[in-house]
Amino acid sequence: MNERHGAPWLAPLCWGILLVGGCLLMRFLEAPLRLVEPDSRAVVFERVDLLTLLGRHLLVVSVAALLSVVVGVGAAIAVTREKGRDFLPLVAQVASMGQTFPPVAVLALAVPVLGFGTVPIIVALMLYGLLPVVRNTLAGIEGIDPAVREAARGMGMTSRQILRQVELPLASPVIVAGIRTSVTINIATAALGATVGASNLGEPIIAGIVNGNTAYIVQGAVLIALLALTVDSLFGWLAPGHTG
């Protein structure tokens, strides 16, 4: 069914309200959380304001996504040009390697060089998010009918004009789908940043694991899931030509 039918903004709005409401009203949910963790003294995570953690989580994912898009789309465009075609297999393999390395391993390697905090998780998320962006950009550009390019050349368009006015607009639905996948995956993966000192929605989960508090884990997991659903539904609404 086309996500643009009916009220296309309804799904992201509903998920967004649940997400923000969950951050603001979590303290009033002590009773149901006590059912999950009846023996703990505290069941509501109050070490850091949840809305603050949400903002930090969004910032980390956004910066990593921006870097993945700039690097991934740029590299894919470069290797689809005549001068760069010899490097196409190499770029595809390098992007694939970013997902073969577990994010935890990337963090372990990055911390000694970059230190604790936000920067290592941004690096890990950027590498982890490259594959869908590169793969979909290559598929989108390579999937364009050669006759379309020939027609554009016949109209006197330069290579840059063909890229900007023909190839990228036609490939944009596939490219955006790759970005959507990359961002949605990284929303969950970003929680690992809490293990190296990055402040985000992974904090309640890590605190719950360390202290044996299932209620903390539930809070972090539910908020991250709501964030992923909000962002994914936003992409579904805004993506060019998307049908769901």
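The numbering scheme is per chain: residues are counted from 1 as the chain's sequence reads. Reporting of local features is limited, given that this is a predicted model, to residues whose pLDDT is at least 70; pairs of side-chain atoms are given and counted only at 80 or more, and all residues count toward the totals for whole chains, interfaces and linings. Only hydrogens and water are set aside when side-chain values are computed; all heavy atoms of the structure are taken into account.

A. The arrangement of helix H9 (residues 202-211) in detail. For H9, the set of buried residues is Gly202, Glu203, Pro204, Ile205, Ala207 and Gly208. Only heavy atoms enter the contact rule, under which two residues are in contact if any of them lie within 4.5 Å. Secondary structure elements follow DSSP: runs of H or I of four or more residues count as helices, runs of E of two or more count as strands, with numbering from the N terminus. Tucked into the core, H9 has its buried residues touching helix H3 (50-79) and helix H10 (214-238). In the segment just after H9, Gly212 is the residue with positive phi, at about 65 degrees. Each residue's exposure class comes from its accessible area (1.4 Å probe, protein chains only) as a fraction of the maximum for that residue type: buried when under 20%, exposed when over 50%, partly exposed otherwise.

B. Local environment of the packing of helix H1 (residues 10-25) against H3. To get an axis, a line is fitted to the C-alpha atoms, and for a helix only the part in contact is used. The angle between two axes follows their N-to-C directions and goes from 0 to 180 degrees. With their axes 7 Å apart at the nearest point, H1 and H3 run at an angle of 135 degrees to one another. Judged on the interaxial angle alone, H3 and H1 are oblique. In this structure, H1 uses Leu19, Val20, Gly22, Cys23 and Leu24 to contact H3, whose residues at the interface are Leu50, Leu51 and Leu54. Any residue outside Ala, Val, Leu, Ile, Met, Phe, Trp, Tyr, Cys, Pro, Asp, Glu, Lys and Arg is labelled polar, Gly included; the first ten of those are nonpolar and the last four are charged. Among the residues making up the contact of H1 with H3, the classes are represented as seven nonpolar, one polar and no charged. With respect to orientation, any angle under 35 degrees is reported as roughly parallel, any angle over 145 as roughly antiparallel, any angle of 65 to 115 as roughly perpendicular, and every other angle as oblique.

C. The arrangement of helix H5 (residues 103-114) in detail. Along H5, the residues classified as buried are Pro103, Val106, Leu107, Ala110 and Val111. End-on view of H5: buried residues confined to an arc of 135 degrees, all on one side of the axis. Turned more than 90 degrees away from the buried face of H5 sit Ala108, Leu109, Pro112 and Val113, all of them exposed. Looking at the buried residues of H5, the elements they touch are helix H6 (118-142) and helix H8 (159-189). Trailing H5 by a residue or two, Gly115 shows a phi angle of about 85 degrees, which is positive. To obtain the arc, one takes the directions from the helix axis to the C-beta atoms.

D. Highlighting the environment of Val222. Counting through the fold element by element, Val222 comes out in helix H10. A residue is classified by how much of its surface remains accessible, and Val222, at 40% relative accessible area, is partly exposed.

E. Expanded view of the nonpolar core. The definition of a nonpolar core used throughout is a set of buried Ala, Val, Leu, Ile, Met, Phe, Trp, Tyr and Cys residues joined through side-chain atoms within 4.5 Å. Core analysis: the biggest nonpolar cluster contains 47 residues, and Leu50, Ile121, Val183, Ile187, Leu201, Leu223 and Leu227 have the highest contact counts within it. If you list the elements that add at least two residues to this core, you get H1, H3, H5, H6, H8, H9 and H10. Listed in part, the eight residues of the second largest apolar core include Val79, Leu130, Val134 and Leu138.

F. Structural detail: the side chain of Ser40. Checked against the element boundaries, Ser40 lands in the loop between helix H2 (30-36) and H3. We call two N or O atoms a polar contact when they sit within 3.5 Å, provided that within protein one can donate a hydrogen and the other can accept it, with sequence-adjacent residues counted only if both atoms are side-chain atoms. Within the local environment of Ser40, its side chain forms a polar contact with the side chain of Glu37, the two groups lying 3.2 Å apart. When neighbours within four sequence positions are excluded, Ser40 is seen to be in contact with Arg34 and Asn213.

G. Region of interest: the side chain of Asn200. Structurally, Asn200 is set in the loop between H8 and H9. Relative accessible area serves as the criterion here: at 0%, Asn200 is assigned to the buried category. At a separation of 2.9 Å, a polar atom in the side chain of Asn200 contacts the main-chain carbonyl oxygen of Ala190. Once residues lying within four places of it in the same chain are set aside, the contact partners of Asn200 are Leu53, His57, Ala190, Ala191, Gly193 and Ala194.

H. Representation of the packing of aromatic side chains within the structure. Aromatic rings from Phe, Tyr and Trp, with only the six-membered ring used for Trp, were paired whenever their centres fell within 6.5 Å, and each pair was classed as stacked if the ring planes differed by under 30 degrees, edge-to-face if by over 60, and tilted otherwise. Inspection of every chain in the model, using the stated rule, returns one aromatic pair. Taken together, a centroid distance of 5.4 Å and an interplanar angle of 90 degrees make the contact between Phe45 and Tyr216 edge-to-face. With Phe45 in the loop between H2 and H3 and Tyr216 in helix H10, the pair connects residues that are 171 residues apart, well separated along the chain. What makes Phe45 buried here is its relative accessible area of 3%.

I. Examining the pattern of salt bridges more closely. Salt bridges are counted wherever a side-chain nitrogen of Lys or Arg sits within 4 Å of a carboxyl oxygen of Asp or Glu. Going through the model one piece at a time under the given rule, you end up with six salt bridges. The salt bridge involving Arg85 is made with Glu142; its shortest N-O contact spans 3.2 Å. With Arg85 in the loop between H3 and helix H4 (88-100) and Glu142 in helix H6, this residue pair connects regions lying 57 residues apart in the sequence. The exposure class of Glu142 is partly exposed, given its relative accessible area of 39%. A salt bridge links Arg149 to Glu167, with the nearest nitrogen and oxygen atoms 2.5 Å apart. Within this pair, whereas Arg149 is found in helix H7 (residues 146-154), its partner Glu167 is found in helix H8, the two being separated by 18 residues in sequence. Both residues of the pair, Arg149 and Glu167, count as buried. Ionic contacts of the salt-bridge type, sharing partners, join the residues Arg81, Arg149 and Glu167 into one network.

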